[in-house]
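What the coordinates show
This is what each chain is made of:
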Amino acid sequence: MLVGWALQCPPYFSLSGITGIHQQQMQALNLPGQYKQTSNTLESKRVSSPLFRVIKNGKYGFIDQTGKIVIEPQFDLAWNFIDGRSQIKLDDKYGYIDEMGKIVIKPQFRLAYAFSSGLALVLIDYKHGYIDTNGKIVIKPQFNQALAFNQGLAAVKIDEKYCYINPSGKIVIKPVFDDARHFYEELSAVELGDKWGYINSNGKLVIKPQFDETLRFSEGLAAVQVGDKWGYIDQAGVMVIEPQFEQAWEFTEGLAVVKIGDKWGYIAPNRQIAIKPRFDRITSFSQRLAAVKIDNKYGYINTNGKIVIPSQFDLALNFTSGLALVYVGGKAGYINKVGQFVWYPTN
């Protein structure tokens, strides 16, 4: 039941042909569609306890790492826990539960997203605002488009321009940008005209707009697109890996996904190919493992490129807290890091 899981994630992911269901949670609204890859983590996007969503008989609940049900499947939709809260959907309204399964913010919102920096983005009467973990509105719904907070700032759209607000709702970086993204490693990508550059948290343009597309900074580098090729810049804006890839993603765990020709592999920060491009589909590394597609089935490799879980799944996603979501015959299950099922595929 792929559709049910796909609804959990923001639309801007594209993992080498896999739409971003691996994220397993909604967290920020209206991020531009061209932002194809992004991080697995916002600053507060850490899973606060190892609970994993499952679907049974069309309803969502949660299991622990052993596969034991701890919150009975009962929700129309549910997302992973962030800062002790999970968004759930009941009767076409969104609210939040705690890690005991108790509804702590009653379903009332047209849309609701994950908590970040103690605030969550919600949609009320077609406007976006922010609530605290008790459900109190702390920034009134007023924005047509908005992103979650990260590193203390959130991008919002006022009239036709983007600016940044602080958790009090005060504009701290003026609305001058045609588009704007999250802050990572103290820098955020912004668009002026039809080119992308980066600003710091004071709003100063530190890397002038010159790129056709950009990703976030991760491990000191950011993937940028020049023409139809991707390369990497450092935080001074110096091109340290020349544009040469058909696609390129952020560095995670010391490796970055790149596409050369029609195959996917990994590079190291020193520009060297770390794992030769030979895969049809691929994910970033998470917990030292990555899902790869070979001969129409997915398995997992380690950071040396060795297959450690044989190709056997119709779809396989990243490991989180020791488990990975996999699909067999259109049904979703969880495996541990040695490839054993702890939750057998269900729909």
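Shown above is the structure to which this text applies.
As the structure is a computational prediction, the values presented were derived from the model and not from experiment.

**Quick look at the pattern of salt bridges**
Following the criterion strictly, the structure yields 11 salt bridges and no others. In this structure, Glu160 engages Lys157 in a salt bridge whose closest nitrogen and oxygen atoms are separated by 4.0 Å. With its nearest N and O atoms 3.6 Å apart, the salt bridge here joins Arg288 to Glu253. Here the residue Arg288 occupies a position in the loop between strand S29 (281–282) and strand S30 (289–294), and Glu253 occupies one in the loop between strand S25 (247–252) and strand S26 (255–260), the gap between them amounting to 35 residues. Since its relative accessible area comes to 30%, Glu253 is described here as partly exposed.

**Description of unusual backbone geometry**
Even without glycine at this site, Asp92 takes up a positive phi of about 70°. Here Asp92 shows up in the loop between strand S7 (86–90) and strand S8 (93–97). In this structure, Gln151 is a non-glycine residue whose phi angle is positive, near 55°. Assignment of secondary structure puts Gln151 in the loop between strand S13 (137–143) and strand S14 (154–158). The exposure class of Gln151 is partly exposed, given its relative accessible area of 31%.

**Concerning the sheet that holds strand S23 (residues 229–234)**
The strands making up a sheet associate through backbone hydrogen bonding, with each pair oriented either parallel or antiparallel. One open sheet accounts for four strands, arranged S21-S22-S23-S24; its pairing is antiparallel. The sheet is open, and its two borders are formed by strand S21 (213–218) and strand S24 (239–245), each paired with just one other strand. The average undirected angle you get between the axes of adjacent strands in this sheet is 20°.

**Quick word on the sheet that holds strand S16 (residues 171–177)**
Read across the open sheet, the three strands follow the order S14-S15-S16; overall the sheet is antiparallel. Either end of the sheet is taken by a strand with one partner, and the two such strands are S14 and S16. In this sheet, neighbouring strand axes are inclined to one another by 25° on average, regardless of whether the strands run parallel or antiparallel. Relative to strand S15 (residues 161–165), S14 runs antiparallel, the two being bridged by five bridges. Considered in S15, the bridge of Lys157 is made with Tyr162.

**As for the environment of Phe313**
With respect to the secondary-structure elements, Phe313 resides in strand S32 (residues 307–313). Classification of Phe313 as buried rests on a relative accessible area of 1%. Residues within four places of Phe313 in sequence aside, it is in contact with Lys297, Tyr298, Tyr300, Val326, Tyr327, Val328, Ile335 and Phe341.

About the thresholds
Residues numbered from 1 in each chain as written. Predicted model: local features only at pLDDT ≥ 70, side-chain atom pairs only at ≥ 80, totals over all residues. Heavy atoms only, no water. Salt bridge = Lys/Arg side-chain N within 4 Å of Asp/Glu carboxyl O. Helix = DSSP H or I, 4+ residues; strand = E, 2+ residues; numbered from the N terminus. Buried < 20%, exposed > 50% of the residue type's maximum accessible area, 1.4 Å probe, protein only. Pairing = 2+ DSSP bridges. Axes fitted to C-alpha atoms, helices over the stretch in contact; angles between N-to-C directions. Contact = heavy atoms within 4.5 Å.

Note that all results are geometric; they support no functional claim without further evidence.
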